[in-house]
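Tertiary structure, described
Each chain is listed here by its residues.
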Amino acid sequence: MRQRLLDEPDRYRGRRRVPTPPRSRYAAVVTSAFVGAGIVALGAGAMPDAKSVSPSVLDELRQASVTSQDLADRAGDADRATRDTTRAATDEAAEPEVWLLPLQGYEFNSPYGMRWGKLHTGIDLVAPEGTPYVSIHDGTVTKAGWFGGYGYTVIVQHADGSEAIYGHSSQLSVKEGQQVKAGDQLGLVGNTGHSYGSHLHLEVHVKGEPLDPVPWLEKRGVDIKLQVEAIYSDVAAS
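Since the structure is predicted, the reported quantities are computational estimates derived from the model, not experimental observations. (Residues numbered from 1 in each chain as written. Predicted model: local features only at pLDDT ≥ 70, side-chain atom pairs only at ≥ 80, totals over all residues. Heavy atoms only, no water.)

1. What about the overall build of the chain?
In terms of helices and strands, the chain carries four helices and 12 strands. In the chain, which comprises 238 residues, the share counted as buried stands at 31%. A fraction of 59% describes how many contacts in the chain between residues 6 or more apart in sequence connect residues 24 or more apart. (Helix = DSSP H or I, 4+ residues; strand = E, 2+ residues; numbered from the N terminus. Buried < 20%, exposed > 50% of the residue type's maximum accessible area, 1.4 Å probe, protein only. Contact = heavy atoms within 4.5 Å.)

2. A word on unusual backbone geometry
The backbone of His 168 shows a phi angle near 70 degrees, a positive value even though the residue is not glycine. Within the secondary structure layout, His 168 lies in strand E8 (residues 163-172). We note that Lys 207 has phi near 55 degrees; this positive angle belongs to a residue other than glycine. Relative to the helices and strands, Lys 207 resides in the loop between strand E11 (199-206) and strand E12 (209-211).

3. Concerning the confidence of the model for the chain
When the pLDDT values of the chain are averaged, the result is 77; 57% of them are 70 or greater. Under a pLDDT of 50 for its full length, residues 1-9 has, in the predicted model, one contact with residues more than four places off or in other chains. When the criterion is pLDDT under 50, residues 20-47 qualifies, and its contacts beyond four places in sequence or with other chains add up to 20 contacts. (pLDDT = per-residue confidence, 0-100.)

4. What about the nonpolar core?
Within the largest apolar cluster, 26 residues are counted, with the highest numbers of intra-cluster contacts made by Leu 103, Tyr 133, Val 154, Tyr 166, Leu 186 and Leu 217. At the level of elements, strand E4 (123-126), strand E7 (152-157), E8, strand E10 (185-189), E11 and helix H3 (213-218) are the ones that each hand at least two residues to this core. Other than its neighbours up to four places away in sequence, Leu 217 contacts Trp 99, Ile 136, Leu 202, Val 222 and Ile 224. (Core = buried A, V, L, I, M, F, W, Y, C linked by side-chain atoms within 4.5 Å.)

5. Observations regarding the side chain of Asp 124
Structurally, Asp 124 is set in strand E4. The class for Asp 124 is buried, based on a relative accessible area of 1%. Here the side chain of Asp 124 touches His 201 through a polar contact of 2.9 Å, side chain to side chain. Among all residues touching Asp 124, those that are not within four sequence positions of it are Glu 107, Phe 108, Asn 109, Ser 110, Arg 115, Tyr 196, His 199, Leu 200 and His 201. (Polar contact = N/O pair within 3.5 Å; in protein donor to acceptor, adjacent residues only side chain to side chain.)

6. A closer look at the pattern of salt bridges
Summed over the entire model, instances satisfying the criterion amount to two salt bridges. For Arg 115, the salt bridge is made with Asp 124, and the minimal N-O distance between the two is 3.3 Å. Taking relative accessible area as the criterion, Arg 115 reaches 23% and is therefore assigned partly exposed. (Salt bridge = Lys/Arg side-chain N within 4 Å of Asp/Glu carboxyl O.)

7. Details of the packing of aromatic side chains
Tallying each qualifying case throughout the model produces four aromatic pairs. Seen from their ring centres, Trp 99 and Trp 216 are 5.3 Å apart, and the 85 degrees between their planes marks the pair as edge-to-face. You can see Trp 99 sitting in the loop between helix H2 (55-94) and strand E1 (107-110) and its partner Trp 216 sitting in helix H3, a full 117 residues away along the chain. Considered together, Trp 99 and Trp 216 belong to a single accessibility category, that of buried residues. Arranged with centres 5.0 Å apart and planes meeting at 85 degrees, the rings of Trp 146 and Tyr 152 form a pair that is edge-to-face. On the accessibility criterion, Trp 146 (48% relative accessible area) is partly exposed. Lying over the aromatic face of Trp 99, Arg 220 brings its terminal NZ or CZ to 5.5 Å of the ring centre. (Phe/Tyr/Trp six-rings, centres within 6.5 Å; stacked < 30°, edge-to-face > 60°. Lys NZ or Arg CZ within 6 Å of the ring centre and 35° of its normal.)

8. Describing the pairing of E4
Taken residue by residue, a regular strand's side chains alternate between the two faces of the sheet. In the sheet, E1 pairs with E4 via three bridges, with the strands oriented antiparallel. Pairing of Ser 110 across the sheet is with Asp 124, part of E4. Two elements, E4 and E11, share four bridges in a ladder whose sense is antiparallel. Bridge pairing links Leu 125 to Leu 200 in E11. (Pairing = 2+ DSSP bridges.)

9. Here's the deal with the environment of Lys 181
Relative to the assigned elements, Lys 181 resides in the loop between strand E9 (179-180) and E10. Each C-alpha atom of the pair Lys 181 and Trp 99 lies 9.7 Å from the other, and the pair is 82 residues apart in sequence. Dropping the residues within four chain positions of it, Lys 181 is found in contact with Ser 135, His 137 and Asp 138.

10. Let's talk about the pairing of E10
With respect to burial, E10 is a largely interior element, four of its five residues being buried. Where strand E5 (residues 132-134) meets E10, three bridges bridge the pair, whose relative direction is antiparallel. Across the sheet, the residue bridging to Pro 132 is Leu 188, located in E10. Inspection of the sheet shows E8 paired to E10 by three bridges, in the antiparallel sense. Looking across to E10, one finds that Leu 172 is bridged to Gly 187.

This is how it looks when you write it as structure tokens:
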């Protein structure tokens, strides 16, 4: 072989040798198996020669790949279940609260405030005896029976801790401990107890203290004086 002259151009300088591709289908399968199974754990070491890998090793790699896919599928199912639960809880929380008028076709007669030298702790809604009245909101019946000067009375405690008192009934339609929804009938208007005529006496208590029901219900979409309910009244009736 002749010696290359110093001034002779180097035909191979700057060129890289292209590695020879695997010579058999077996080598391609082995390479894919190693990549698919995530053999990054081998570290920075060189990939083993395909011909030196035993069939048992290949089986283990394939099994590892299947196990990895199974774990990924389970994780995906758990994630979807969590999202569904969260979505359901969000949808439930997003449902609007329903507040309603206690009855229809009444005359607003006596407001909350001082009357005859004493605090009148509720409002009086005049209606014919026997007129059905309903719960203004969801809650639990904590009283259903005779209640001193209130006569036959129903008390409903709401989830927020507030209470609604319905007095002077002629007849009751619920029992203590019963769960009621907004719009459920509680009883019939009457003239029992310390009453001056047939009417429904309505009180609202918050933390045990009576509040004026008119502005309190206005904040919840119910106008007692104008006899207007919130738009969600259709929800309660459906």
